[in-house]
Amino acid sequence: MTRLIIGAMVRAIGAYPSGWRYPGAHRDPRGDAAVLRRAAEVAEAARLDYLFFGDWLATGHDLEFRDPYLVARIDPISAITYLAGVTQRIGLIATANTTYADPYSLARSTASADLLSGGRAGLNLVTGAEPRAAGNHGRDFHVANETRYDRAVEFELVLRRLWDSFDDDAIVADAASGVYLDPSRLHATDFHGAHLSVTGPLNVARPVQGHLPIVHAGTSPRSRLFAAQSADLALVAVSGMAQAAVIREELRALAFESGRDDRTLKVIAPVLPIVGETREHAQSIADELSELVQIAEDWPDGPPEAFPTNRSLAQLSTLVGVDLTGLSPDRAVTPSLIAGFSAAGQELVEIVGERTGRRPLGERPPTLRHLVVAASVNASMIVGTAEEIAAEFEAWGDAGAVDGFNVLSAVQPAQFEAFALGVVPELQRRGVFPTEYEGETLRDHLGLERPESVHVTPGDLVFPSVSRRDGVSR
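Computed from a prediction, not measured in an experiment: that's the story for all the values here.

Caption draft 1: Up close: helix H16 (residues 414-429). Taking 1.5 Å as the rise per residue, H16 with 16 residues should run 22 Å; its terminal C-alpha atoms sit 22 Å apart, in good agreement. Maximal helix bending in H16 amounts to about 25 degrees, located at Val-423; proline Pro-425 follows within four positions. Listing the buried residues of H16 in full gives Gln-415, Phe-416, Glu-417, Phe-419, Ala-420, Val-423, Val-424, Glu-426, Leu-427 and Gln-428.

Put into structure tokens, the structure is as follows:
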């Protein structure tokens, strides 16, 4: 029996493209504060390990159709700082982009968040370069993209050295002698690499956790290497249990080869559960969400210029091997229509059936819209009752496929609360998730030890010396 790590990836207007259109959904970012506070209260009452806040450093009309939750959102560091004041035990993970962030400023804000929260802060380091984000930060996109992982490696090392500027006992505060600081226990960072140069020390005391738990997500070989060498949590999007088990084994092997204890790397899969009182109820929710997603054919004269190119009957035609252009998106998918579908098309029909209950021979067959949405909306969905979803989570854990899940909610607040109030108690009943918090800090929740200072253990393989002026080698 495996103790699962369960966190929630918070997207205030929902994680599904049409989630904000669902009846009763939160829609207005100006009201995010109340939604975030309510989500934190519900999540902490359920004993979730953490709340996770992603980020995107630009906006535009295209995001309205692709990922509406990115159009306008609260800054992640601000979000966790706000929620630290209204929660007591749950972990709070913010995202920062190493391509554009300043390591000293980020070390300062995250160390502060950890101290203010009593050791509950975590940091998701991302490396993506995007033209609009580059422009917003005065950077050349192509240069930033080419060097993003080299910079990320330096960035992570600098963060750890900055967090360790003060030894835990550096502040003496002896009123009788008048000694406040032991200067031998305050360390300069002295990093001069190919991409970053920081002297330090940081002007914030050492975080409660020593180092904040570091998260990283990605699919490229370089991304996985970075996660294996540097992260505590690796977020890995997978298509199924078998693929997850293979990737987890690969990441653990990379971690071991890098000289670290591979058991300290936790592999977490993002998942979007649709929770219903019955399986049919859950499928009806998934069905309505699909029908609320707009596709290119909804505009008689063509979609807006920024509309996603993959959300169309033309793209679906390429996938299934049958020309569907010119048909109505609400045309029923019947056995005669799918007779010529490719294997990928046949599989897509099965996916829609599992998610929505609509089958070609049923009373309510799927429509072409359902197929377009299933093919174009990238979401690892599990549709069912609380018991069915909990059983699926347990099976993944017992198979060694993952160490836990990052849970997204299609609709806020309804689906978030359905998971926290329905699925989590079932996981607790099965003994794979605790009924009470087992520690005080986020590291405690994740089963991670508090690290020694890099200045105390300069020869540690995990934290090599980083004072070389000609860059960093791993």
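Still to come is the rest of the account.
Caption draft 2: Main features of the nonpolar core. The biggest cluster of nonpolar side chains holds 82 residues, and the ones touching the most others in it are Ile-6, Leu-48, Leu-51, Phe-393, Phe-405, Phe-419 and Leu-427. It is helix H7 (residues 148-163) that contributes the most residues to this core, 9 residues altogether. Not counting residues up to four positions away in its chain, the partners in contact with Leu-51 are Ala-8, Val-10, Ala-40, Ala-43, Leu-83, Ile-90, Gly-91, Leu-92 and Ile-93. Of all hydrophobic cores here, the second largest spans 48 residues; its members include Ile-5, Leu-348, Val-373 and Leu-442.

Caption draft 3: Fine view of the pattern of salt bridges. Inspection of the entire model under this criterion finds 34 salt bridges. Among the salt bridges present, the one from Arg-206 reaches Asp-164, with a minimum N-O distance of 2.6 Å. Taken together, the residues Arg-206 in the loop between strand S8 (197-198) and strand S9 (214-217) and Asp-164 in the loop between H7 and strand S5 (171-174) connect sequence positions 42 residues apart. Under the relative-accessibility criterion, Arg-206 is labelled buried at 7%. Judged by its relative accessible area of 0%, Asp-164 falls in the buried class. We note a salt bridge from Arg-369 to Asp-330, for which the minimum N-O separation is 3.2 Å. Here Arg-369, found in helix H14 (residues 368-376), pairs with Asp-330, found in the loop between helix H11 (313-320) and helix H12 (335-338); they are 39 residues apart in sequence, far enough to count as distant. For Arg-369, a relative accessible area of 7% corresponds to the buried category. Each of the salt bridges in this network shares a partner with another, and the network as a whole consists of Arg-279, Glu-350, Glu-354, Arg-359 and Glu-388.

Caption draft 4: Quick peek at the environment of Leu-265. When you line up the elements, Leu-265 lands in the loop between helix H9 (241-257) and strand S11 (266-275). Using a relative accessible area of 0% as the deciding quantity, one classes Leu-265 as buried. C-alpha of Leu-265 to C-alpha of Ala-339: the two residues are 74 residues apart in sequence and 46 Å apart in space. Once residues within four sequence positions are removed from consideration, Leu-265 is found in contact with Ala-227, Ala-228, Ala-231, Asp-232, Ala-234, Leu-251, Arg-252, Ala-255, Arg-260 and Asp-403.

Caption draft 5: Here's a closer look at the packing of helix H10 (residues 279-291) against H14. Running from N to C, H10 and H14 point in directions that differ by 90 degrees, and their axes come no closer than 9 Å. Classed by the angle they form, the pair H10 and H14 counts as roughly perpendicular. Facing Asp-287, Ser-290 and Glu-291 of H10, the residues of H14 in contact are Arg-369, His-370 and Val-373. Looking at the contact of H10 with H14, its residues break down into 1 nonpolar, 2 polar and 3 charged.

Caption draft 6: Fine view of the pairing of strand S1 (residues 5-9). Counting buried positions over the 5 residues of S1 gives 5, a clear majority of the element. Alternating residues of S1 divide into Ile-5, Gly-7 and Met-9 and Ile-6 and Ala-8, and every residue in both groups is buried. Relative to strand S13 (residues 404-407), S1 runs parallel, the two being bridged by 4 bridges. If you follow Ile-5 over to S13, its bridge partner there is Gly-404. Where S1 and strand S2 (residues 50-53) come together, 3 bridges link them in parallel fashion. Bridge assignment links Met-9 to a residue of S2, and that residue is Phe-52. Handedness of the β-α-β unit built from S1, helix H1 (residues 32-45) and S2 comes out right-handed.

Caption draft 7: The arrangement of the pairing of strand S12 (residues 381-384) in detail. Of the two faces of S12, the one lined by Met-381 and Val-383 and the one lined by Ile-382 and Gly-384 are each fully buried. Note that S11 and S12 share 4 bridges and pair parallel. Residue Pro-273 lies in a different strand from S12, and its bridge partner there is Ile-382.

Caption draft 8: Spatial organisation of helix H4 (residues 103-117). Taking 1.5 Å as the rise per residue, H4 with 15 residues should run 21 Å; its terminal C-alpha atoms sit 21 Å apart, in good agreement. Turning to H4, its buried residues number three or more, namely Pro-103, Leu-106, Ala-107, Thr-110, Ala-111, Ala-113, Asp-114 and Ser-117. Each buried residue of H4 sits inside an arc of 155 degrees when the element is viewed along its axis, so together they form one side. Buried residues in H4 make contact with helix H3 (76-84), strand S3 (91-97), strand S4 (121-126), H7 and S8. One or two residues past the end of H4 sits Gly-118, with phi positive at roughly 75 degrees.

Caption draft 9: Examining the UniProt feature "binding site: FMN" (unreviewed entry) in the protein chain more closely. As recorded in UniProt, the feature "binding site: FMN" (unreviewed entry) lies at Asp-55, Thr-95, Tyr-149 and Ser-220. Relative to the elements of secondary structure, Asp-55 occurs in the loop between S2 and helix H2 (61-66). Contacts of Asp-55, omitting those with residues within four sequence positions, involve Arg-73, Pro-76 and Thr-95. Mapped onto the secondary structure, Thr-95 falls in strand S3. With residues near it in sequence (within four places) discarded, Thr-95 still touches Phe-52, Phe-53, Gly-54, Asp-55, Pro-76, Asn-124 and Val-126. Within the structure, Thr-95 has its side chain in polar contact with the backbone oxygen of Phe-53 (distance 2.7 Å).

Caption draft 10: Summary view of the environment of Leu-157. By the secondary structure assignment, Leu-157 is in helix H7. As for Leu-157 and Tyr-104, which are separated by 53 residues in sequence, their C-alpha atoms are 12 Å apart.

How each quantity is defined
Residues numbered from 1 in each chain as written. Predicted model: local features only at pLDDT ≥ 70, side-chain atom pairs only at ≥ 80, totals over all residues. Heavy atoms only, no water. Helix = DSSP H or I, 4+ residues; strand = E, 2+ residues; numbered from the N terminus. Expected span 1.5 Å × (residues − 1). Bend = angle between axes of the 7 residues up to and from the residue. Buried < 20%, exposed > 50% of the residue type's maximum accessible area, 1.4 Å probe, protein only. Core = buried A, V, L, I, M, F, W, Y, C linked by side-chain atoms within 4.5 Å. Contact = heavy atoms within 4.5 Å. Salt bridge = Lys/Arg side-chain N within 4 Å of Asp/Glu carboxyl O. Axes fitted to C-alpha atoms, helices over the stretch in contact; angles between N-to-C directions. Parallel < 35°, antiparallel > 145°, perpendicular 65-115°, else oblique. Nonpolar A, V, L, I, M, F, W, Y, C, P; charged D, E, K, R; others polar. Pairing = 2+ DSSP bridges. Right-handed = clockwise from strand over helix to strand, strands pointing away. Arc of directions from axis to C-beta. UniProt positions renumbered as here; feature names shortened; annotations may be inferred. Polar contact = N/O pair within 3.5 Å; in protein donor to acceptor, adjacent residues only side chain to side chain.

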